[in-house]
Amino acid sequence: MSQLRAAAGRGLRRSGGRAAPPAGQSRKGASSRGAPAPAPPPAQHLFSDPAEIEDLRGNLLAWYDKCKRDLPWRTLAAAETDADRRAYAVWVSEIMLQQTQVATVIDYYNRWMQKWPTLQALAQASLEVSVAGTGCSPCPRGSSSNTMPCLLEQEVNELWAGLGYYSRGKRLQEAARKVVSELAGQMPRTAEDLQKLLPGVGRYTAGAIASISYGQATGVVDGNVIRVLCRLRCIGADSSSPAVVNRLWDMANALVDRSRPGDFNQALMELGATVCVPKAPLCGECPVKQHCRARSRKLFGKPTPVPDVEDCGKCVGGCPLCPPAVEPWDSSLGVTNFPRKAAKKQLRAVRTATCVLERRGCRGAPEYLIVQRPSSGLLAGLWEFPSLTLAQDLQEEKQREALADHLHAWTGQPVAARSLRLIGEVIHIFSHIHQTYVVYSLPLDRDVTLDPALSPSRWVTEEEFHASAVSTAMKKVLR
Ligand code: SF4
């Protein structure tokens, strides 16, 4: 099975959440700007019959009205009469849903909206709120044991902890500040302006906010929409390629219902998340099955209506939207022949030694040292156990020595490599990194003075650790 076929089998993404914007497209728009306009694709891959478009819109919206999931952002957007508050409610949900399952997002969304119900409230929230003397329980061990106030918080990061892709929360807040300080508190009113004026808002998010909040008749394309459209129109060329992505945007803009654009877009995404799922789509329950050429092809051996030749009739000449000639339709895959995507690049392997430094806290409970990561880059600003990136293939003895040297800086005194106890390895997959944490522990029977010249650090109980802005990977380490 080739790379393309393998990618088709895996599906584009987990179903259920808002699928990621297409690869090859930055959050600020399609990547092929400036490329020569491609020739129009064969009609086989288009929606060109106005009656069919009307029919599809009606069927999809009727299904959505009946079957849509009850989700907090939908309830908020439907009940909110103020356009800015409505746009904010949609915006937060769209940012959280990127790459994340709906079921995971609900709790985070509710907590976020409770804490920062408006743009103004979010704009005022500080990424770092020093609470020294303002609610921080005084540490009975005295200031020598902590270099930072014991409850120095990162409100946004903490609330986001566990959702992944942590820069999203930070960018959301930066954009909220911009709206308040530079746009007089008013959200831009069109998809174009949203994308142009707000940091972190790309073409997809702008379209979603504008269509759902303001009723602008503009389409959206995310992973769910890609899957549905590619199946509806038998598009088997690499769905992450700029040529296909641009065609899909054109198609989404042509299909979107003019009177209910927000509902239509949500319906299309809902269909991809719940019915037209990656691996075992429920075609029998699909409200648009009569428009689906992949299903026709599966049932009747070819899409309908179709020239009485293989695929769209231009395959021999190289149709830009058909599966490549070397990867023709595979009848064992049925509709899941579509979409297809070039195989992902191999993840970069990174090994990191991390040490759970433990002391007995003043109330007898164990406490752990956590340190803050730099404010940019991977997991920016989050907290972690003292960690050190290792050279690949470093012998265990050498990595233990390197970690002991590293810990010397944190504890202010020599650490014997042999005192580090190897606990095991924790694997965590980031979008582009295969991360292995080699976990050690080191119980301390004496206090250490943390050097204020180093990165921020603090001692936390297990409960405080879980409430802190720590990554999912670090939570795995402590488990
Ligand atoms: Fe997807 Fe099946 Fe519906 Fe076609 S008929 S859109 S493949 S669920």
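Computed from a predicted model, the values in this text were never measured in an experiment. (Residues numbered from 1 in each chain as written. Predicted model: local features only at pLDDT ≥ 70, side-chain atom pairs only at ≥ 80, totals over all residues. Heavy atoms only, no water.)

1. Points about the packing of aromatic side chains
Piece 1. By the definition in use, this model includes 6 aromatic pairs.
Piece 2. Taking 5.5 Å as the distance between ring centres and 80 degrees as the angle between the ring planes, the aromatic pair formed by tryptophan 112 and tryptophan 160 counts as edge-to-face. Remark: tryptophan 160 occurs in helix α7 (residues 155-160) and tryptophan 112 occurs in helix α5 (residues 102-115); sequence separation between them is 48 residues. Comparing tryptophan 112 with tryptophan 160 shows no difference in burial state: the two are buried.
Piece 3. With 5.1 Å between their ring centres and 10 degrees between their planes, phenylalanine 385 and phenylalanine 465 make a pair best called stacked. Taken as a pair, phenylalanine 385 in the loop between β3 (383-384) and β4 (387-390) and phenylalanine 465 in helix α16 (residues 462-467) lie far apart in primary sequence, 80 residues in all.
Piece 4. Residue class for phenylalanine 385 comes out buried when judged on its relative accessible area of 0%.
Piece 5. According to the relative accessible area criterion, phenylalanine 465 is buried, its value standing at 0%.
Piece 6. Arginine 111 extends its terminal NZ or CZ atom over the ring of tyrosine 108, reaching a point 4.9 Å from the ring centre.
Piece 7. Seen from the ring of tryptophan 249, arginine 203 lies directly overhead, with NZ or CZ sitting 4.0 Å from the centre. (Phe/Tyr/Trp six-rings, centres within 6.5 Å; stacked < 30°, edge-to-face > 60°. Helix = DSSP H or I, 4+ residues; strand = E, 2+ residues; numbered from the N terminus. Buried < 20%, exposed > 50% of the residue type's maximum accessible area, 1.4 Å probe, protein only. Lys NZ or Arg CZ within 6 Å of the ring centre and 35° of its normal.)

2. Quick notes on helix α13 (residues 261-274)
Piece 1. A rise of 1.5 Å per residue sets the reference length of α13, with its 14 residues, at 20 Å; its end C-alpha atoms lie 20 Å apart and thus fit the reference within 8%.
Piece 2. Among the residues of α13, Pro261, Gly262, Phe264, Asn265, Gln266, Ala267, Leu268, Met269, Glu270, Leu271, Gly272 and Ala273 are the ones counted as buried.
Piece 3. Looking at the buried side of α13, the elements it contacts are α2 (50-67), α3 (72-79), α10 (203-214), α11 (223-232) and α12 (242-255). (Expected span 1.5 Å × (residues − 1). Contact = heavy atoms within 4.5 Å.)

3. Quick notes on a nonpolar patch on the surface
Piece 1. Taken together, the side chains of Leu347, Ile427 and Ile429 present a nonpolar region at the surface, about 230 Å² in accessible area.
Piece 2. Summarising the element assignment, leucine 347 is placed in the loop between α14 (293-300) and β1 (348-360). (Patch = residues over 30% accessible without salt bridge, like charges linked within 9 Å, V, L, I, M, F, W, Y side chains within 5 Å. Areas by Shrake-Rupley, 256 points an atom, 1.4 Å probe, with all protein chains shown as cover. Salt bridge = Lys/Arg side-chain N within 4 Å of Asp/Glu carboxyl O.)

4. Overview of the site of the ligand
Piece 1. With respect to spatial proximity, the complete set of residues near the ligand consists of Arg231, Leu232, Cys276, Cys283, Cys286, Lys289, Cys292, Arg295 and Val335.
Piece 2. Structurally, the ligand is housed in the largest cavity.
Piece 3. Per-class residue counts for the shell around the ligand are 6 nonpolar, no polar and 3 charged. (Near = heavy atom within 4 Å. 1 Å grid on protein atoms, 1.4 Å probe; cavity = no way out; pocket = protein on both sides within 12 Å on 5 of 7 lines; lining within 4 Å. Sits in = over half its atoms within 2 Å of the grid points. Nonpolar A, V, L, I, M, F, W, Y, C, P; charged D, E, K, R; others polar.)

5. Describing the environment of cysteine 292
Piece 1. Mapped onto the fold, cysteine 292 is located in the loop between α13 and α14.
Piece 2. The spatial distance from the C-alpha of cysteine 292 to the C-alpha of arginine 233 is 6.7 Å, given a sequence separation of 59 residues.
Piece 3. In this view, cysteine 292 contacts Arg231 and Leu232; residues no more than four positions away in its chain are not counted.

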